[in-house]
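# Inside the fold
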Amino acid sequence: GMFLVGVGDSRVERNAVSGNPETGIGLDGDRNEVSRNRAVQNGEGITVGGDDNAITRNHVADSRAGVEGGGLGIFVAAGHDNLVERNFVVGASRSGIQVSLLPEELEGGPPAVDTVVRRNHVRGNGDGVLVQTTALGTVVEGNHANGSGDDGIDTMHGNASEWCSNWYGDYN
């Protein structure tokens, strides 16, 4: 896949990545835009760390969990003020979109803070959108989630503002 570490003020646009056992697009940097990419059949579709990144209008499909994790379509692992908007995520074995690491994975590092997850279409994933207990100040609004194996939108322990405009079920 593509791994961009320490980059800032960059654009990752209109790429196709597939068949990678780890992540399709891995970003660890600030003020970047990841848009209009296709990530298919990777361990994780798009993984983000850093601040003020925008993950928009991507198509992510068939992210499958392996021996060492994976199974996440779009994963905002850590950072402040990241935006995940207008993406289409289908067929992730764990979560279509996940915000923050599990408590045991943080290892003293920062969680995801003030992430906005807005107007995404998530279909046929384990969970549609999963906001972990470690996330702080997450806003989840205007998303469409259907056909999830577990929850459509799961905000653990009230750590997110889940607006009434989220849709559950079929949409046309």
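Refer to the structure presented above.
What comes next concerns the included structure. (Residues numbered from 1 in each chain as written. Predicted model: local features only at pLDDT ≥ 70, side-chain atom pairs only at ≥ 80, totals over all residues. Heavy atoms only, no water.)

## A short note on the sheet that holds strand S7 (residues 44–49)
The strand order across the open sheet formed by seven strands is S1-S4-S7-S12-S16-S20-S23, and the pairing between neighbours is parallel. In this open sheet, the two strands that pair with only one neighbour each are strand S1 (2–8) and strand S23 (153–155). Here the strands of the sheet are splayed against their neighbours by 10 degrees on average, with no regard to which way each runs. In this sheet, strand S20 (residues 127–131) lies alongside strand S16 (residues 95–99) in parallel orientation, the contact comprising four bridges. For Gln 98, the partnering residue across the bridge sits in S20 and is Leu 130. (Pairing = 2+ DSSP bridges. Helix = DSSP H or I, 4+ residues; strand = E, 2+ residues; numbered from the N terminus. Axes fitted to C-alpha atoms, helices over the stretch in contact; angles between N-to-C directions.)

## Regarding the pairing of S7
In terms of burial, S7 is a largely internal element, six of the six residues being buried. Direction of pairing for S7 relative to strand S12 (residues 72–76): parallel, over a ladder of four bridges. Looking at S12, one finds that Val 48 is bridged to Val 76. (Buried < 20%, exposed > 50% of the residue type's maximum accessible area, 1.4 Å probe, protein only.)

## As for a positive patch on the surface
Where like charges cluster on the molecular surface, the positive patch consists of Arg 14, Arg 36, Arg 57 and Arg 86. Mapped onto the elements of the fold, Arg 57 is located in the loop between strand S8 (54–56) and strand S9 (59–61). Judged by relative accessible area, Arg 57 falls into the partly exposed class, the value being 41%. (Patch = residues over 30% accessible without salt bridge, like charges linked within 9 Å, V, L, I, M, F, W, Y side chains within 5 Å. Areas by Shrake-Rupley, 256 points an atom, 1.4 Å probe, with all protein chains shown as cover. Salt bridge = Lys/Arg side-chain N within 4 Å of Asp/Glu carboxyl O. Lys, Arg positive; Asp, Glu negative; His and termini not counted. Charge placed at Lys NZ, Arg CZ, Asp CG, Glu CD.)

## Things to note about unusual backbone geometry
Even without a glycine there, the phi angle at Asp 9 is positive, about 55 degrees. Considering the arrangement of structural elements, one finds Asp 9 in the loop between S1 and strand S2 (11–13).

## Observations regarding the layout of surface pockets
The calculated volume of the largest pocket comes to roughly 450 Å³. Lining the largest pocket are 26 residues, and of these Phe 3, Glu 22, Thr 23, Glu 44 and Thr 47 lie nearest its centre. At the level of elements, S1, strand S4 (23–30), S7, strand S11 (69–70) and S12 are the ones that each hand at least two residues to the lining of the largest pocket. Broken down by class, the residue content of the lining of the largest pocket amounts to 10 nonpolar, nine polar and seven charged. (1 Å grid on protein atoms, 1.4 Å probe; cavity = no way out; pocket = protein on both sides within 12 Å on 5 of 7 lines; lining within 4 Å. Points joined across faces, edges and corners; volume = space filled by probe spheres on them. Nonpolar A, V, L, I, M, F, W, Y, C, P; charged D, E, K, R; others polar.)

## Describing the pattern of salt bridges
The final tally for this structure, using the stated rule, is six salt bridges. The residue Arg 119 makes a salt bridge to Glu 85 at a minimum N-O spacing of 2.9 Å. Remark: Glu 85 occurs in strand S14 (residues 83–85) and Arg 119 occurs in the loop between strand S18 (116–118) and strand S19 (121–123); sequence separation between them is 34 residues. Accessibility expressed as a relative area gives 36% for Arg 119, which makes it partly exposed. For Arg 118, the salt bridge goes to Glu 141, with nearest N and O atoms at 2.9 Å. Placement of the pair is Arg 118 in strand S18 and Glu 141 in strand S21 (residues 138–141), with a sequence separation of 23 residues. Given a relative accessible area of 21%, Glu 141 falls into the partly exposed group.

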